[in-house]
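Architecture and fold: a report
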Amino acid sequence: MDVPVIELTGIVKSFGPVDVLKGVDLKAFAGKVTALVGDNGAGKSTLVKGLAGVQPYDGGTVKYDGQEVHLHTPREASALGIEVVYQDLALAENLDIVQNMFLGREETRFGTMDEGTMERQASETLQGLSVRTVKSVRQKVSSLSGGQRQTVAIARSVLKNAKVVILDEPTAALGVAQTEQVLNLVRRLADSGVAVIIISHNLVDVFKVADYIAVLYLGTMVASVATADTNSDDVVGYITGSKTYEGKNV
Amino acid sequence: MTSTPATPPPTIGSGHEGSIREQFTAYFRGIRQGEMGALPAIGGFVVLLILFTFLSSSFLTPLNIANLLTQAATLMMLAMALVFVILLGEIDLSAGVTSGVSAALFVVLVHNYDVNWIAAILIALATGLAIGFFIGFFVARVGIPSFVVTLGLFLGFQGLQLIIIGTGGVYRVETPEVAAIMNKNLPILWGWIGLAIAIALAVLTALWDRARRARAGVANRPALLMWGRLALIAIAGALFVAMLSVDRAPSRGSLNGVPIAHNAIEGVPIVVPITVAILWAGTFILDRTRFGRHLYAVGGNPEAARRAGIKVASIRMIAFVTCSTLAVVAGIFDASRIGVVSAASGSQIVLSGVAAAVVGGVSLFGGRGRLTHAAIGALVIAVIANGLGLLGLPAGVNFLVTGGVLILAASFDAVSRKRAGGALAR
């Protein structure tokens, strides 16, 4: 098998006396979607925040493309091409799509904004993801639907050639049709060669889009399987702790 | 790749494509969706102009228009200063007293300590800068709401001003250069040269924008639209300068059929080019620099801005510093127009400045509004005061009408947004 883009080994993190992550292993491969599932409090968010550099891990190793790296700040993570799309999206509603996609990393020429270049790159990125639901890249985000906003947030994350995109509950607040759109987008994102890690509570979505499923239970990775080799009942069992995975982890 | 799509994906537009007709359709669609900007204020301004022109014969005369401009200039400058903090969803209640304190400092330095007037103005501006830094520190670093910090300064600085001026003291502004800002006019030729420079700048930036977009390979709006817009600016500017280039001194009548000689009053008031230059520079910074973009982002969603790597605290600091520094300019304008600085100078004006910004379409919730909006809002408020004054109505009516217009403008904005965006109405 290929070298994983991200390989976490024995990750440990505690907040005071509470051990949130007790030696977690996780792999993410280029071009594949890895779903991270688990009940509330299992440690999903903590695991992701460490990867994003927001809350550094206490112990364990992080390998990026086979090389050991240290992620202490969001800047280090994004320099490696690790981008996180948060559940609450973090878009400025008063700005338009281009302005949001380039927020904090605007293209300038002679100290002033190069709007044309940004506009072209934004629409190229959206087209590269085969986005059809957005009419104009100069629409204000306040005028977009939830699914369109999610699309913009994801497009923002891949604008600068991201290698790893982490999606935190991307379909939590969406209706049926919009969920479908976003899942298709996630699939296309992976097909373009990005390693995608998706956190979700919705197992239907997970089985629809993921190549691998990693199950966290009280800070331990209890199962890490290819989607094709498992089924919904088993995964629910692993999540609730009523079943134990006997096979070999991916 | 698994498969190639049968048809190429549709190109995503940018709103710049299409014929002039389509551009207008899109513009009106935007208005219906609540993107009205300064339109209600401009509409209100025009209605007031027409109303007062019919009600008072002396309203639409060059003398009164020049008067109106100088009446509006202080408020305009203060409202523009406030835009920088209002865009962040913050407020600076001390902007008025900041203008008062620095004007007091200026006049005392010149009068009692024989400081050169340019040096005194620079010291006043530096004082404004320091005040802004002080407010910014408490808001952005310590984390006190700006309302509270600046309310404290509003109270405290009235005392500081009293100490600087001395109890009951009033100082005359005896610097001719400062008195000239509001009371003298540009030579007629300079008025036209200034207009030519302004139009040239507008044409150059418009062409520059088009060239940049063309180089990046994205659509440009029809060229005719650009030239039409520039022509409108040029015509309005020319009418304005022409009106102010006529001798507007009141006639002294005639003696034996010969007009009595009087000193001509003609030309654009000096305050106009200063205000326009600051308006232009501020708009340039807000629209075209990263700082401007980040200011809007912090105003719209500070958390999103923080996650995008924007230094939110620094943006807040700079906004307060800009606001207080421009408030000093308003203070100098006020001193120039009134001709005296007292212990009470500037203490009344700040809420009118906020009102002007809101009437012009700047959102108090932050993230929405432009400097031109504040300028237009200030004009509306000044026209009300000026027009009602000409009709001989008491000052009480002026306050009542101004307050009514403010509430009307705010409701107009709220209703149009509610109709367009439901939950996003704010």
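Rules and cut-offs
Residues numbered from 1 in each chain as written. Chains lettered and ligands numbered in written order. Predicted model: local features only at pLDDT ≥ 70, side-chain atom pairs only at ≥ 80, totals over all residues. Heavy atoms only, no water. Pairing = 2+ DSSP bridges. Helix = DSSP H or I, 4+ residues; strand = E, 2+ residues; numbered from the N terminus. Axes fitted to C-alpha atoms, helices over the stretch in contact; angles between N-to-C directions. Contact = heavy atoms within 4.5 Å. Buried area = accessible area lost by both parts, 1.4 Å probe. Salt bridge = Lys/Arg side-chain N within 4 Å of Asp/Glu carboxyl O. Polar contact = N/O pair within 3.5 Å; in protein donor to acceptor, adjacent residues only side chain to side chain. Core = buried A, V, L, I, M, F, W, Y, C linked by side-chain atoms within 4.5 Å. Buried < 20%, exposed > 50% of the residue type's maximum accessible area, 1.4 Å probe, protein only. Domains from an automatic or database assignment.

1. A short note on the sheet that holds strand 1 (residues 6–15) of chain A
Hydrogen bonds between backbone atoms are what pair the strands of a sheet, whose relative direction is either parallel or antiparallel. All names here are of chain A. Taken together, four strands build an open sheet; the order of strands is 2-1-4-5 and the sheet is antiparallel. Both edges of this open sheet fall to strand 2 (18–28) and strand 5 (67–69), since each of them pairs with a single strand only. On average, each strand axis in the sheet is inclined to that of its neighbour by 30 degrees, with strand direction left out of account. Each of strand 1 and strand 2 is contacted by helix 1 (residues 44–51), which is oriented at about 115 degrees to strand 1, the strand it contacts most.

2. Section: the interface of chain A and chain B
Listed by partner, the interface residues are 42 residues for chain A and 35 residues for chain B. Roughly 3100 Å² is buried in total at the junction of chain A and chain B, and carbon and sulfur atoms are behind 53% of that figure. Linking chain A with chain B are three salt bridges. Between A:Glu115 and B:Arg293 there is a salt bridge; the shortest N-O distance is 2.9 Å. Linking chain A to chain B there are 12 residue pairs in polar contact (both at pLDDT 80 or more). Ranked by the residues each element gives to the side of chain A that touches chain B, the list is headed by helix 4 (residues 115–128) of chain A, at nine residues.

3. As for the nonpolar core
Among the nonpolar cores identified, the biggest contains 105 residues, and B:Met80, B:Leu82, B:Phe106, B:Leu295, B:Phe333 and B:Val341 are the most heavily contacted of them. It is helix 3 (residues 62–86) of chain B that contributes the most residues to this core, 17 residues altogether. A domain split of this core shows at least three residues from each of domain 1 (38–184 + 312–424) and domain 2 (186–250 + 261–268) of chain B. With sequence-adjacent residues up to four places away left out, B:Phe333 is seen in contact with B:Ala73, B:Thr74, B:Met77, B:Ile181, B:Met182, B:Val271, B:Ile274 and B:Thr275. A:Leu144, A:Ala190, A:Val209 and A:Ile239 belong to the second-largest nonpolar core, a separate cluster that totals 50 residues.

4. Topic: the sheet that holds strand 11 (residues 212–217) of chain A
Residues and elements named next belong to chain A. Pairing within the open sheet is mixed, and its six strands lie in the order 6-9-10-3-11-12. Strands with a single pairing partner mark the edges of an open sheet, and in this sheet they are strand 6 (82–85) and strand 12 (220–226). Each strand of the sheet is rotated relative to its neighbour by a mean of 20 degrees, with strand direction disregarded. Bridge analysis of strand 3 (residues 33–37) against strand 11 gives four bridges, and the strand direction is parallel. Bridge assignment links Thr34 to a residue of strand 11, and that residue is Tyr212. Each of strand 3, strand 6, strand 9 (164–168), strand 10 (195–199), strand 11 and strand 12 touches helix 1; the most contacted strand, strand 3, lies at about 135 degrees to it. Most of the contacts of helix 8 (residues 232–240) go to strand 11, to which it runs at about 30 degrees, and overall it touches strand 3, strand 11 and strand 12.

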